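# Structural overview
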Amino acid sequence: MAHTRTLRRRRHGRILGGVCIGLADYFGVSASFVRLLFILSCALPGPQTVLYILLWQLVPLED
């Protein structure tokens with residue numbers, strides 16, 4: 001039986017909105033790695049901050 005992954009923001013262990021740690025759980029990588037990627041991506045032009053805010057609003061909290 002296949003396990004389905006669901007993207008959820010965590011209530012514990014989060015720093016701001018829980019988006020990075022939720023993405024880390026979903027992809028099976030370190031939360032520090034995802035946070036570092038996000039911070040480094042902010043040096044590049046693009047909608048990173050807007051995407052983070054959208055994910056913060058759209059991704060549900062874990063149960």
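Below: a short report on this structure. Everything quoted here is computed from the prediction, not taken from an experiment. (Residues numbered from 1 in each chain as written. Predicted model: local features only at pLDDT ≥ 70, side-chain atom pairs only at ≥ 80, totals over all residues. Heavy atoms only, no water.)

### Some thoughts on the nonpolar core
- Ranked by size, the top nonpolar core spans 7 residues in total: Val 19, Cys 20, Ile 21, Ala 24, Ala 31, Val 34 and Tyr 52.
- Contributing elements (two or more residues each) for this core: helix 1 (19-27) and helix 2 (31-41).
- Tallying contributions element by element places helix 1 first for this core, with 4 residues.
- Ile 21 has contacts with Arg 10, His 12, Gly 13, Arg 14, Ala 31 and Arg 35, leaving out every residue within four places of it along the chain. (Core = buried A, V, L, I, M, F, W, Y, C linked by side-chain atoms within 4.5 Å. Buried < 20%, exposed > 50% of the residue type's maximum accessible area, 1.4 Å probe, protein only. Helix = DSSP H or I, 4+ residues; strand = E, 2+ residues; numbered from the N terminus. Contact = heavy atoms within 4.5 Å.)

### A few points about the packing of aromatic side chains
- Counted by the stated rule, this structure contains 3 aromatic pairs.
- When the ring of Tyr 52 is compared with that of Trp 56, the centres are 6.1 Å apart and the planes differ by 75°; the resulting orientation is edge-to-face. Here Trp 56 and Tyr 52 lie together in helix 3 (residues 48-58), a separation of 4 residues that amounts to about one turn.
- Judged by its relative accessible area of 11%, Tyr 52 falls in the buried class.
- One aromatic cluster in this structure is built from Phe 38, Tyr 52 and Trp 56.
- The lysine or arginine in question, Arg 5, covers the ring of Tyr 26, its NZ or CZ lying 4.5 Å from the ring centre. (Phe/Tyr/Trp six-rings, centres within 6.5 Å; stacked < 30°, edge-to-face > 60°. Lys NZ or Arg CZ within 6 Å of the ring centre and 35° of its normal.)

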